[in-house]
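Commentary on secondary and tertiary structure
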Amino acid sequence: MFTLQLLSFLFSKIQEGPTKKLKVDSFLHTMCLHDDQLSDISARFQAEMKKGLSAESNAAAAVKMLPTHVRSTPDGSERGQFLVLDVGGSKFKVLRVKVREGTGIRRGGVEMEERSYPIPQELLVGRGAELLDHVSESLKDFLHEKNISLEKKHPLAFTFSFPCELSALDQGSLLSWSKNFRAQGLQGKDVVQALRDAIGRTGGMNTEVLAVVNDTVATMMTCGFEDKYCEVGLIIGTGTNACYMEELRHIDLVEGDEGRMCVNTEWGAFGDDGALSDYITEFDRELDAASNNPGKQIFEKMVSGMYLGELVRLVVLKMATLGLLFAGHVSNALRTKGKVTTAHVAAMEEYKNGLENTRLILRDLDLTPSLEDCIAVQHVSTIVSFRSSNLAAAGLAAILTRIKQNRKLRTFRITVGVDGTLYKTHPQFAKRLHKVVRRLLPECQVRFVLSDSGSSKGAALVTAVAQRLASQKSKVDETLSLFRLSSEQLQVVKARMRAGLEAGLRGEGPAEIKMLPSFVSRLPDGTEHGKYLALVLGVSYFKVMLVNFKKGLQQSSQVYHKIYTVPLEIMQGAGEELFDHFAQCVSDFLDYMGIKNTRLPAGFTFSFPCEQTAIDAGTLVSWTKGFKATDCEGHDVVDMLRDAIKRRNEFELDIAAVANDTVATMMSCAYEEAQCEIGLIAGNGTNVCYMEELKNIKLTEQKERQMDDGSDGERKAGEARIQTMCMNTEWGGLGDHGSLNDLITPYDAEVDLNSLNPGKQRFEKLTGGMYLGEVVRQTLLDLTSRGLLFRGNVTDALKTPGIFQTKYLSQIESDRMALLQVRSILQGLRLESTCDDSIIVKEVCGAVSRRAAQLCGAGMAAVVEKIRENRGLDLLNITVGVDGKLYKLHPHFSEVLQETARVLAPQCHMTFVQSEEGRGKGAALITAMTRQKGEM
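Residues numbered from 1 in each chain as written. Predicted model: local features only at pLDDT ≥ 70, side-chain atom pairs only at ≥ 80, totals over all residues. Heavy atoms only, no water.

Right, let's get into the overall build of the protein. Scanning the protein from N- to C-terminus turns up 31 helices and 26 strands. Considering only C-alpha atoms, the protein reaches an extent of 135 × 65 × 50 Å along its principal axes. Counting all 936 residues of the protein, 58% fall into the buried class. Once local pairs closer than 6 in sequence are excluded, the contacts in the protein between residues at least 24 apart make up 72%. Carbon and sulfur atoms make up 48% of the accessible area of the protein, which amounts to about 38,300 Å² in all. Taken as two groups, the 111 positive and 118 negative side-chain charges of the protein have centres that lie 4 Å from each other. (Helix = DSSP H or I, 4+ residues; strand = E, 2+ residues; numbered from the N terminus. Buried < 20%, exposed > 50% of the residue type's maximum accessible area, 1.4 Å probe, protein only. Contact = heavy atoms within 4.5 Å. Areas by Shrake-Rupley, 256 points an atom, 1.4 Å probe, with all protein chains shown as cover. Lys, Arg positive; Asp, Glu negative; His and termini not counted. Charge placed at Lys NZ, Arg CZ, Asp CG, Glu CD.)

As a general point, the strands of a sheet are linked pairwise by backbone hydrogen bonds and lie either parallel or antiparallel. A sheet is described by the order of its strands in space; here 5 strands give the open sequence S4-S3-S2-S5-S8, paired in mixed fashion. In this open sheet, the two edge strands, each paired with only one partner strand, are strand S4 (110–118) and strand S8 (207–213). Direction aside, neighbouring strands of the sheet carry axes that sit 20 degrees apart on average. Alignment of strand S5 (residues 154–160) against S8, held across 6 bridges, turns out to be parallel. When the sheet's bridge partners are listed, threonine 159 is paired in S8 with valine 213. Contacts from helix H4 (residues 128–145) reach strand S2 (80–87), strand S3 (91–99), S4 and S5 within the one sheet, and its direction differs from that of S4 by about 130 degrees. Together, S2, S5 and S8 form the strand contacts of helix H5 (residues 191–202), whose direction differs from that of S8 by roughly 150 degrees. (Pairing = 2+ DSSP bridges. Axes fitted to C-alpha atoms, helices over the stretch in contact; angles between N-to-C directions.)

The grouping of Asp257, Asp815, Glu895 and Glu899 at the surface amounts to a negative patch. Tracing the backbone shows aspartate 815 in the loop between helix H26 (806–812) and helix H27 (819–828). Taking relative accessible area as the criterion, aspartate 815 reaches 67% and is therefore assigned exposed. (Patch = residues over 30% accessible without salt bridge, like charges linked within 9 Å, V, L, I, M, F, W, Y side chains within 5 Å. Salt bridge = Lys/Arg side-chain N within 4 Å of Asp/Glu carboxyl O.)

Scanning the model with the defined rule gives 26 aromatic pairs in all. Ring centres 6.2 Å apart and planes at 50 degrees place the aromatic pair tyrosine 532 and phenylalanine 549 in the tilted group. Pair noted here: tyrosine 532 is in strand S15 (residues 530–537) and phenylalanine 549 is in strand S16 (residues 541–549), with a separation of 17 residues, a long-range link. Summarising the burial analysis for this pair, tyrosine 532 and phenylalanine 549 share the class buried. Joined through ring pairs, the aromatic side chains of Phe158, Phe160, Phe162, Trp177 and Phe181 make up one cluster. (Phe/Tyr/Trp six-rings, centres within 6.5 Å; stacked < 30°, edge-to-face > 60°.)

Although it is not a glycine, phenylalanine 326 adopts a positive phi angle of roughly 55 degrees. Along the chain, the position of phenylalanine 326 falls in the loop between helix H9 (305–321) and helix H10 (332–335). One non-glycine residue, arginine 791, lies in the positive phi region at around 55 degrees. By relative accessible area, arginine 791 is classed as partly exposed at 42%.

All told, the structure shown has 56 salt bridges when counted by the stated rule. Measuring nitrogen to oxygen at the nearest pair gives 3.5 Å for the salt bridge that ties glutamate 247 to arginine 249. Between lysine 301 and aspartate 288 there is a salt bridge, with the nearest N and O atoms lying 2.6 Å from each other. Highlighted residues: lysine 301 in helix H8 (residues 298–303) and aspartate 288 in helix H7 (residues 282–289), separated in sequence by 13 residues. Neither lysine 301 nor aspartate 288 differs from the other in exposure class; each is buried. Shared partners join several salt bridges into a network, and the residues in it are Glu231, Glu247, Arg249, Arg260 and Arg407.

Turning our attention to the confidence of the model for the protein. Here the protein averages 88 in pLDDT, while 93% of its residues score no lower than 70. Highest mean pLDDT in the protein belongs to helix H30 (residues 893–904) (97); lowest belongs to helix H22 (residues 701–709) (53). Within the model, pLDDT remains below 50 along residues 1–17, and this stretch shows 7 contacts once partners closer than five positions in the same chain are excluded. (pLDDT = per-residue confidence, 0-100.)

This brings us to the sheet that holds strand S17 (residues 557–565). Pairing is mixed in the open sheet, where 5 strands are placed in the order S17-S16-S15-S18-S21. The two strands at the open ends of the sheet, each matched to only one other strand, are S17 and strand S21 (654–659). For this sheet, the mean inter-axis angle between neighbouring strands, taken without regard to orientation, is 20 degrees. Along the sheet face, helix H20 (residues 637–648) touches S15, strand S18 (601–606) and S21 and points at about 145 degrees away from the line of S21.

Right, let's talk about the packing of helix H2 (residues 35–53) against helix H15 (residues 429–440) for a bit. Working note: a packed helix pair is described by the angle between its axes plus the distance between those axes. At their nearest, the axes of H2 and H15 sit 11 Å apart, and the two run at 80 degrees to each other. Here H2 lies roughly perpendicular to H15, going by the angle between them. Mapping the contact onto sequence places Asp35, Leu38 and Ser39 in H2 and Val436, Arg439 and Leu440 in H15. (Parallel < 35°, antiparallel > 145°, perpendicular 65-115°, else oblique.)

Let us look at the pairing of S21. A large share of S21 lies buried, amounting to 6 of its 6 residues. As defined by bridge partners, S18 adjoins S21 across 5 bridges and the pair is classed as parallel. Its bridge partner being in S21, proline 601 is matched across the sheet by aspartate 654.

A separate point is the side chain of serine 331. As for its position among the elements, serine 331 is in the loop between H9 and H10. Reaching out from serine 331, the side chain makes a polar contact with the backbone nitrogen of leucine 334 at a distance of 3.1 Å. Discounting residues that sit within four places of it in the chain, serine 331 has contacts with Leu365, Asp366 and Leu367. (Polar contact = N/O pair within 3.5 Å; in protein donor to acceptor, adjacent residues only side chain to side chain.)

This next bit is on the environment of threonine 662. By the secondary structure assignment, threonine 662 is in helix H21 (residues 661–670). Judged by its relative accessible area of 0%, threonine 662 falls in the buried class. Spatially, the C-alpha atoms of threonine 662 and glutamine 778 are 30 Å apart, while their sequence positions differ by 116 residues. At 2.6 Å, the side chain of threonine 662 and the side chain of asparagine 660 are in polar contact.

Of all the 10 residues making up H21, 10 are buried; the element is thus mostly covered by neighbouring parts of the structure. Taken as a whole, H21 has its buried residues at Asp661, Thr662, Val663, Ala664, Thr665, Met666, Met667, Ser668, Cys669 and Ala670.

Within the secondary structure layout, alanine 343 lies in helix H11 (residues 342–348). Accessibility expressed as a relative area gives 55% for alanine 343, which makes it exposed. In this structure, the C-alpha to C-alpha distance between alanine 343 and aspartate 742, residues 399 residues apart in sequence, is 72 Å.

Moving on: the packing of helix H23 (residues 746–753) against helix H25 (residues 769–785). One way to put it is that H23 packs onto H25 with a least axis distance of 9 Å and a crossing angle of 120 degrees. In terms of axis orientation, H23 runs oblique to H25. Read as a crossing pair, H23 and H25 show a hand that is right-handed. On H25, the residues touching Tyr747, Asp748, Glu750 and Val751 of H23 are Tyr771, Glu774, Val775, Gln778, Thr779 and Asp782. (Left-handed = near helix turned anticlockwise from the far one by under 90°.)

So, on to the side chain of aspartate 419. Looking at the element boundaries, aspartate 419 is found in strand S12 (residues 412–419). A polar contact of 2.8 Å, which involves the side chain of aspartate 419, links it to the side chain of lysine 424.

The next thing to look at is the environment of leucine 694. Within the secondary structure, leucine 694 sits in the loop between strand S23 (686–693) and H22. For the pair leucine 694 and serine 521, spaced 173 residues apart in the sequence, the C-alpha separation amounts to 9.0 Å.

If you want it as structure tokens, here you go:
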């Protein structure tokens, strides 16, 4: 039974404990970091990351930000058997890793067999070749022990937990040793090649070293196999480091800007250039001075398990020396470096037994601590380890902030894969780290996942992912090769287009290319004047325009317009209702402009194949581009419009001309550019017109008389016979008789089969914007069904025809479009994608649109070569007027088209001019020329 005096004494001693804790707080106040300081450290680390990523500043950067050439985290489909060598401590491991291989492994699971081998101390500081020979011989021993075939070729992954500069996934030069390794002759050398040489010296093994991986990267990959959100790896053990998936466009040391790559920060060197000088204590400086690498790995020495025990010893030694502990007694053991370990620190901080553990540890140091001494030393351990977790949290917060900023997110979800003895064994470290990270980044949903054998399993997964990506890339490239046209193929397309033009001109049998006369026989000269209406029927719209060509002001005009939609049910309904809709739109526009009682001449731009018998008469040959209105094909579209106007009985209209949109575009540009004798439409549909020599055009007798007599049946005395006529080629029909069958892919065939006009307009279906998005969708659908895209998940969205519009091709292929924005577009289409998926989608879009542009370029080369030969010229200078959203809005279409045409027609110099309001303005010009001259 305690006496009252004894109880009073113990109570007084317990009261002294907190007093000494306050003294410790005062003594170590510089180690107690508050949130503002942690945010400051985080900001400094972000600046160091940026410096390390830049080619200009990397050489001087303390934080090297080493590219790992790991371009993707696992997607769960990886499989195979791999050997792994894991070198990074006093022991190394040899493993056989089976990824989804063999019986008994759950889907997505990994099975490992391993053995640890010690590294003799003399090899740590001896010759590097001897160290790797030991590793290689141990590998062979493992193969024998596990009865693994020595003849069969085995893929091998190499976990090498030291700073390396990688030039490829299987090439890495050792920058510096750490963690007591000092082997000579390897620094600056390719450690993979050195390992291969060692395996060669050992002999009797058939291995292929496919990847060298840092343990931090391996940890991220291991956790990423189970959690798709894991894009950060963190090691907090004997050493410390972090890696994460960085946008490739920010990594100057690696070519390319598409996708992401894992960057090994090597953050242990943070502070080597003085960036942390105001946060370094006298104990940090003393520890650093006595280390094997003074001035190096400053951050690691403040954070990692290799140094925490020594920091605690130095603090306790200083306090004892000053008489603040142990009544000023200092033992020899306390003065001895390494006598306090990180395991001791962890033991002292245990929740229930910490105080007793502290007493025993101090007793082992030949000290006789009081209760208050034990409480104070325990508090020193807490402050030192708390600072460690705080610093790690600040660094991690910097990485997560950079990821958030890269992806322009306000909040996001991410998983951090973690490994390391300090994180795993210290009772409070992980909790402190998690709490501080979440406090520094409250807007981020951060999950921490403990890695299981991460440094070993992850190396195998890096290799498995590399193999998956290589196989995937090969299969995707094989698919996209169907869209890639060689120079020889483009020459063939040019020749077939030329043959089609000639056949259409001769009018022999049913030609693929119709070559329809437009009855436009000359170009505007700038004297046109007056007010004219223009009616333009596009793919899904009807536009009414008032164009005023000002007299006396050459090449000056005013345009007023209004656009009306054409609903799908009208596009594909009864023909009479369609033309009644046009008449109603014209009526509305005349009311809008206040000119309903004025009978103006009008031109009608009708963007579909018409057989013209006069400038104001055109019989619809066939609908294209989604129109299917009944009782229209075979009828004169001008008469149908006149009948609709009569049925309305509200206004009168003098329809003086009908023109194809291509012809109208050419005329509009010719009003500005005298050399414009070609019109090109590259939009939802595609077509070309050009000025052909009349002698080459086979006309019916009726058309001959029309050309000879003029539209009013009279000719001016002495006027020369017309020599040229603009021909509406309707080149979209090339291939309708099979001339393009060798270029048509299965995806094109599927698009054609599901179209409104199967077997028709085959060239247009390869080149027109109305179809390109659907060709892309069919390709994506096939790649997904083969497991090469979207994790093999064929969604309802992907199966929806028309969901992938051509405008998405233009957006996705924009040079300013980051992959994050590509993913956003895909998500808007309910297609959940990874970064790798976005790259493949962009490649598909590029292949499909490039082929379209090249085909149009080859066709254009055929047209200009024909004009040049018609005129017997060695060199042709000519202007092409162009309209169409595909040409105008797609970031690369126009450039590819022009380059292809120039290469295939080197004797023709082409200037491409974009039309503004060309379809309406051109129709108004033709009307003006018809009414002012009396004929075209």
